[in-house]
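Topology and contacts: notes
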Amino acid sequence: MEALFGRNKEENPEPIKAEVQGEIPSWLQGILLRNGPGMHTIGESKYNHWFDGLALLHSFTFKNGEVYYRSKYLRSDTYTCNIEANRIVVSEFGTMAYPDPCKNIFAKAFCYLSHTIPEFTDNCLINIMRNGDDYYATSEVNFIRKINPQTLETLEKVDYTKYVAVNLATSHPHYDSAGNVLNMGTSIVDKGKTKYVIFKIPPSVPETEKKKKKSCLKYLEVMCAIPSRSLLHPSYYHSFGVTENYIVFIEQPFKLDILKLATAYIRGVNWASCLVFHKDDKSWIHLIDKKTKKEVSTKFYTDAMVVFHHVNAYEEDGHVVFDIISYTDNSLYQMFYLKNLNNEFQNHAKLTAIPVCKRFVVPLQCDKDAEVGSNLVKLPSTTATALKEKEGNVYCQPEILCEGIELPRINYDYNAKKYRYIFAAEVRWSPVPTKIVKFDTGTKKMLHWEEEHCWPAEPAFVTSPNAKEEDDGIILSSIVSSDPKKLPFLLILDAKTLKEVARATVNVEMHLDLHGLFITEKDLKTEQEKDLKTQQEKDLDTEHE
Ligand SMILES: CC(C)=CCC/C(C)=C/C=C/C(C)=C/C=C/C(C)=C/C=C/C=C(C)/C=C/C=C(C)/C=C/C1=C(C)CCCC1(C)C
Ligand SMILES: [Fe+2]
């Protein structure tokens, strides 16, 4: 346990050929690229929290039925500074470091009101984001780190604040069919006008600008800004939902306390202690119309909850339906403190609220004449309700879809559309993913894959060629083992049956990761190809001149 969570993992930057059992589908060509914390001790100093660890990228490359594994630490400025100092010198969410680049700023009381934004960590350990031909390691602060998806090399550091006024941004962006990135961030240092900002990044730069080799981020567009209900207590959020016409944002009572943040450094506490769950408050559900860029004016709310992952959202007969994994408290973050994840974790690392997959249904037409107390949901397929209240507010009560799943993924071709299947890791009361599950939201039936001592990572769905049905494809997951004698492997399951198709075993110490994505062969461009493309475009331009 200790070994799986807290022990530093070695990187293996050169490709290692995996031993394949079963048959890798011949059409499966590309790279599964994933991110997660790999180093928690630097010299004598240790991070407090598992989500603080230095980002370790790893990938499985599928080529002609063979699989190659590699891993490499993200060479973030955080990594470099820490390794040079041989101790933790940059603060992470769960670990305050001294000295720290933030010192000059946060030593001044109430400096959050000033315009100076301190340089935060660029240890992007949570996910991978695709933007056109570019790939980034992401976290939840204003920095993202461009990476080479084939070699795992770290490229430039990109600062969102140069393009949009956000101090935080999610590591779970969405993508539309045109390849635009849609993401959300929070602006907390803009003259006290705390707000949530929804923005869009195009997949390429305008034709006329191509010669200048500018970044797509230069063409970032702000779609909408939603003022925070409380200027000093913006909500924390880890993801959001999209439907064809709307963005779904939950302003949950799991909030950052800005006054506490401003004094955290001098008080000697971590940033995480400034995140507070107000169990008696409401969770507000915001729907933003993508076309008008305005919020739906009806006030929808539900009970207090803590949400990290949205599963999917869609519209059906005048309703917005969205599925999330929710908790009734903040024990998930507490559970991942490394002091709890030792060999006696069974006693220390326990959730007091298990993840529950819930379906909310929000009516788009709120009949003015509807009686107070009436249910505005007209969908026969769900037990979720939306009750009209006196003040015109609408109180939403969810339908419970299932319990004990996390790290949800779907066939992303069905994102924002009516869908049926959720792929996820099964978790109960401890931070141990025990099974891979496929949940059918229609029949409520579940399929499982499990093996003794095996801890599966978030399952990624890859569509098969000529797919007709939603689950025509395979599931990829990297599996680590709590039995030191058992080697880690990449697992391929048939997404229809959840039966094993093949596995590729690697003789390395693999880390537990968080999130990632699959890049198909055709989307992979070598740096030479990218340069060639730019050159061809330049040549075309000169021909036209
Ligand atoms: C063992 C496994 C893998 C599975 C088991 C199954 C299971 C239960 C899975 C559950 C998984 C979940 C729910 C994962 C969630 C991951 C999260 C929430 C990561 C957040 C990171 C947030 C990060 C890094 C946030 C960093 C934020 C920072 C540094 C903020 C800094 C800040 C500073 C410095 C001052 C100004 C304020 C501000 C807050 C912006
Ligand atoms: Fe996440």
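Residues numbered from 1 in each chain as written. Chains lettered and ligands numbered in written order. Predicted model: local features only at pLDDT ≥ 70, side-chain atom pairs only at ≥ 80, totals over all residues. Heavy atoms only, no water.

**A closer look at the overall build of the protein chain**
- Scanning the protein chain for helices and strands turns up 7 helices and 39 strands.
- Against the globule reference of 24 Å for 545 residues, the protein chain gives a C-alpha radius of gyration of 23 Å, in line with a compact fold.
- In the protein chain, of all internal contacts separated by at least 6 residues, the share reaching a separation of at least 24 is 61%.
- Working note: accessible area of the protein chain is about 23,200 Å², and carbon and sulfur atoms make up 51% of it.
- Of the charged side chains in the protein chain, 66 are positive and 74 negative, and the gap between their average positions amounts to 3 Å. (Helix = DSSP H or I, 4+ residues; strand = E, 2+ residues; numbered from the N terminus. Rg over C-alpha atoms; globule rule 2.2 N^0.38 Å. Contact = heavy atoms within 4.5 Å. Areas by Shrake-Rupley, 256 points an atom, 1.4 Å probe, with all protein chains shown as cover. Lys, Arg positive; Asp, Glu negative; His and termini not counted. Charge placed at Lys NZ, Arg CZ, Asp CG, Glu CD.)

**Some points on the sheet that holds strand β25 (residues 319-327)**
- Pairing is antiparallel in the open sheet, where 4 strands are placed in the order β24-β25-β26-β29. The sheet is open, and its two edges are formed by β24 (306-316) and β29 (399-403), each paired on a single side. Going across the sheet, the axis of each strand differs from the next one's by a mean of 20°, ignoring polarity.
- Strand direction decides the pairing type here: β25 and strand β26 (residues 356-363), joined by 8 bridges, are antiparallel. Its bridge partner being in β26, Ser326 is matched across the sheet by Val356. (Pairing = 2+ DSSP bridges. Axes fitted to C-alpha atoms, helices over the stretch in contact; angles between N-to-C directions.)

**Considering the side chain of Arg145**
- Relative to the helices and strands, Arg145 resides in strand β11 (residues 143-147).
- Overall, Arg145 belongs to the buried group, its relative accessible area being 8%.
- Of the polar contacts made by the side chain of Arg145, one reaches the backbone oxygen of Leu155; its length is 2.9 Å. (Buried < 20%, exposed > 50% of the residue type's maximum accessible area, 1.4 Å probe, protein only. Polar contact = N/O pair within 3.5 Å; in protein donor to acceptor, adjacent residues only side chain to side chain.)

**Some thoughts on helix α4 (residues 258-267)**
- Those residues of α4 that sit buried are Ile258, Leu261, Ala262, Thr263, Ala264 and Tyr265.
- Among the residues of α4, the N-terminal cap falls to Asp257, whose side-chain oxygen and the backbone nitrogen of Leu259 are separated by 3.1 Å.
- A positive phi of about 75° marks Gly268, the residue just after α4.

**Here's the deal with the coordination of the iron ion (ligand 2)**
- Note on the iron ion (ligand 2): its protein donors are His172 (NE2), His238 (NE2), His309 (NE2) and His515 (NE2). The metal-donor distances range over 2.0 to 2.1 Å.
- Considering all 4 donor atoms around the iron ion (ligand 2), angles at the metal cover 94 to 151° and the coordination shape is irregular.
- Taken in sequence order, the residues that donate to the iron ion (ligand 2) follow the motif H-x65-H-x70-H-x205-H. Of this pair, His172 sits in the loop between β13 (168-169) and β14 (174-175) while His515 sits in strand β39 (residues 515-520); the two residues are 343 residues apart in sequence, bridging distant segments of the chain. Of the two residues, His172 and His515, neither departs from the other in class, the shared state being buried. (Donors = N, O, S within 2.8 Å, 3.2 Å for Na, K, Ca; no water. Tetrahedral: all angles 85-135°; square planar, octahedral: opposite > 155°, others 65-115°.)

**Comments concerning the site of ligand 1**
- Close to ligand 1 lie 26 residues; Phe120, Ile126, Leu168, Trp271 and Val427 are nearest.
- Of all the secondary structure elements, the ones that give two or more residues to the shell around ligand 1 are β24 and β30 (405-409). (Near = heavy atom within 4 Å.)

**A short note on the sheet that holds strand β10 (residues 134-138)**
- With antiparallel pairing, the 4 strands of this open sheet are ordered in space as β9-β10-β11-β12. Two strands close off the open sheet at either side, each with one partner strand: β9 (127-131) and β12 (154-159). When the angles between neighbouring strand axes are averaged without regard to direction, this sheet yields 35°.
- Pairing geometry for β11 and β12, over 4 bridges, is antiparallel. In the strand pairing of β12, Ile144 is matched with Val158.

**Quick look at unusual backbone geometry**
- Even without glycine at this site, Leu152 takes up a positive phi of about 65°.
- Tracing the chain through its elements places Leu152 in the loop between β11 and β12.

**Digging into the environment of Leu182**
- Along the chain, Leu182 falls in strand β15 (residues 181-187).
- For Leu182 and Ile198, which are 16 residues apart along the polypeptide, the C-alpha to C-alpha distance reads 7.3 Å.
- When residues no more than four places from it in sequence are discounted, the contact partners of Leu182 are Pro173, His174, Phe199, Lys200, Met223, Phe240, Val242 and Ile247.

**Observations regarding the side chain of Thr121**
- Mapped onto the fold, Thr121 is located in the loop between α3 (103-106) and β9.
- Thr121 gets classed as buried once you look at its relative accessible area, which sits at 9%.
- Polar contacts involving the side chain of Thr121 include one to the main-chain amide nitrogen of Asn123, which spans 3.0 Å.
- Excluding anything up to four places from it in sequence, Thr121 contacts Thr78, Val90, Ser91, Glu92, Val141 and Phe143.

**Details of the UniProt feature "binding site: Fe cation" (unreviewed entry) in the protein chain**
- Following the UniProt record, one finds the feature "binding site: Fe cation" (unreviewed entry) at His172, His238, His309 and His515. These annotated residues cover 344 residues of sequence, and their C-alpha atoms all fall within 12.5 Å of one another, placing them together at a single site.
- Tracing the backbone through its elements, the reader meets His238 in the loop between β17 (221-227) and β18 (241-242).
- The class for His238 is buried, based on a relative accessible area of 8%.
- Not counting the four nearest positions on each side in its chain, His238 is found in contact with Ile126, Glu140, Thr170, Ser171, His172, Phe308, His309 and His515. (UniProt positions renumbered as here; feature names shortened; annotations may be inferred.)

**Things to note about the packing of aromatic side chains**
- With the rule as written, the count across this model stands at 28 aromatic pairs.
- When the centroid spacing of 5.9 Å and the interplanar angle of 55° are considered together, the rings of Trp50 and Phe51 count as tilted.
- Judged by relative accessible area, which is 24%, Phe51 ranks as partly exposed.
- Residues Tyr333 and Tyr337 carry aromatic rings whose centres are separated by 5.6 Å and whose planes lie at 90° to one another, so their mutual orientation is edge-to-face. (Phe/Tyr/Trp six-rings, centres within 6.5 Å; stacked < 30°, edge-to-face > 60°.)

**Some remarks on the nonpolar core**
- Formed by 109 residues in total, the largest nonpolar core has its most connected members in Leu28, Phe60, Phe62, Phe322, Leu476 and Ile492.
- The residues contacting Ile492, other than those within four sequence positions of it, are Ile24, Pro25, Leu28, Phe62, Ile474, Ile475, Leu476, Lys499, Glu500, Val501 and Ala502. (Core = buried A, V, L, I, M, F, W, Y, C linked by side-chain atoms within 4.5 Å.)

**Observations regarding the pattern of salt bridges**
- Taken as a whole and judged by the stated rule, the model has 29 salt bridges.
- Ionic pairing is found between Asp471 and Lys438, a salt bridge with its closest N-O pair at 2.8 Å. Placement of Asp471 in the loop between β35 (460-463) and β36 (473-481) and of Lys438 in strand β32 (residues 435-440) is noted, with a sequence separation of 33 residues between them. Like Asp471, the residue Lys438 is buried in the burial classification.
- With a shortest N-O distance of 2.7 Å, Asp471 and Lys496 are connected by a salt bridge. Separated by 25 residues along the polypeptide, Asp471 in the loop between β35 and β36 and Lys496 in the loop between β37 (489-494) and β38 (500-505) bring together distant segments of the chain.
- Here the salt bridges share partners, and the residues they tie into one network are Lys438, Glu469, Asp471, Asp472 and Lys496. (Salt bridge = Lys/Arg side-chain N within 4 Å of Asp/Glu carboxyl O.)

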